[in-house]
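A closer look at the structure
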Amino acid sequence: MIRYDLTDEVATVTFDRPEKRNALTLDGLAEFREALDRGAEEARVVVLRGAGDAFCAGDDIASVAGLGEEVAPATLATRLYDALFGPEQVEVPVIAAVDGPAYGGGFEVVAAADLAVATADAAFALPEATIGAYPPYAVARVGEACGRKRLLELALTGEPIDAETAREWGLCNRLVEDSELDDAVAELTEAVCSVPGPSVALVKRYVRAASADPDERARLVEGFSAVADEPDCLAAAERFLSGGE
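Residues numbered from 1 in each chain as written. Predicted model: local features only at pLDDT ≥ 70, side-chain atom pairs only at ≥ 80, totals over all residues. Heavy atoms only, no water.

As for the packing of helix α1 (residues 26-42) against helix α3 (residues 73-84)
Inclusion rule: Interaxial angles span 0 to 180 degrees and are taken between N-to-C directions of axes, which are lines fitted to C-alpha atoms, for helices over the stretch in contact. By the criteria applied, helices consist of DSSP H or I runs no shorter than four residues and strands consist of E runs no shorter than two, each listed in order from the N terminus. What sets the label is the angle itself: under 35 degrees gives roughly parallel, over 145 gives roughly antiparallel, 65 to 115 gives roughly perpendicular, and the rest give oblique. Handedness of each helix crossing follows the sense of rotation of the near helix against the far helix: counterclockwise by less than a right angle gives left-handed, clockwise gives right-handed. Every residue pair with non-hydrogen atoms within 4.5 Å of one another is taken to be in contact. Ten residue types, Ala, Val, Leu, Ile, Met, Phe, Trp, Tyr, Cys and Pro, are classed as nonpolar, four, Asp, Glu, Lys and Arg, as charged, and the remainder, Gly among them, as polar.
Two elements in contact, α1 and α3, have axes separated by 8 Å at closest approach and are oriented at 30 degrees. Our classification of the angle between α1 and α3 gives roughly parallel. Seen along the crossing, α1 lies across α3 with a hand that is left-handed. Facing α1, whose interface residues are L26, D27, L29, A30, F32, R33 and L36, α3 presents L76, R79, L80, D82 and A83. Counted by class, the contact of α1 with α3 contains 8 nonpolar, no polar and 4 charged residues.

Listed below in structure tokens is the structure:
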């Protein structure tokens, strides 16, 4: 599910489930956070990528729903928090290289990354509300980047935006041609690695402190559990899993 590679000072974390558009299972969420923490210990920069033609399609709803009574909503919410808030919590820069759809949790991982480079093939969407859930990181943070009304448009409609719009809205730093993605990411990693590590960690720590809420994890778990018990939300999830019938 998650592939980890270390080259010199750069750790590359790849969502590696292309047959499912890199959708994250419950175990995949934990693996992702573990890879981020490992990268923070071993590297100066972590680069996030997706295998195949997608960056990450978010959570594997069918897989999670199939766990039934085995996993409580609070457990899933905790895994989501640790994974989706992970890129901003580790003390090394995290760069998302987005070449394909980044939906749901994939969108939120890009938003949580410190820097993001996208190609024209990238697309971004928050479809959680349409299937009876909600996007926890986006609700907490994305309004800072793109504005309240733009966040609400994304979260309430589930409609995707293209890479150019994402850049205009402050969700990506750079938009490049497909053939230029690797060079653009390499340029950013080289620039970041030239800055003293303690300074980088301090900048990240204070930027995070400006928006972090010590109660956000508990609130996410409470909110996610409440939504999971709502009949309308359960019905929306069932419709999605049955193909919209």
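Here's the deal with the nonpolar core
To keep things clear, this is the line we draw: Buried Ala, Val, Leu, Ile, Met, Phe, Trp, Tyr and Cys residues form a nonpolar core when they are joined through side-chain atoms within 4.5 Å. Working definition: with a 1.4 Å probe on protein chains only, accessible area under 20% of the residue-type maximum means buried, over 50% means exposed, and in between means partly exposed.
F32, L48, F55, V98 and F124 are the most contacted members of the largest nonpolar core, which totals 54 residues. Take this core: its biggest share by element is 6 residues, from α3. Setting aside chain neighbours within four positions, we find L48 in contact with V13, F32, L36, F55, V94, I95, A96, A97 and V109. If you look at the next biggest cluster of nonpolar residues, it comprises 12 residues, including A184, V185, L188 and C193.

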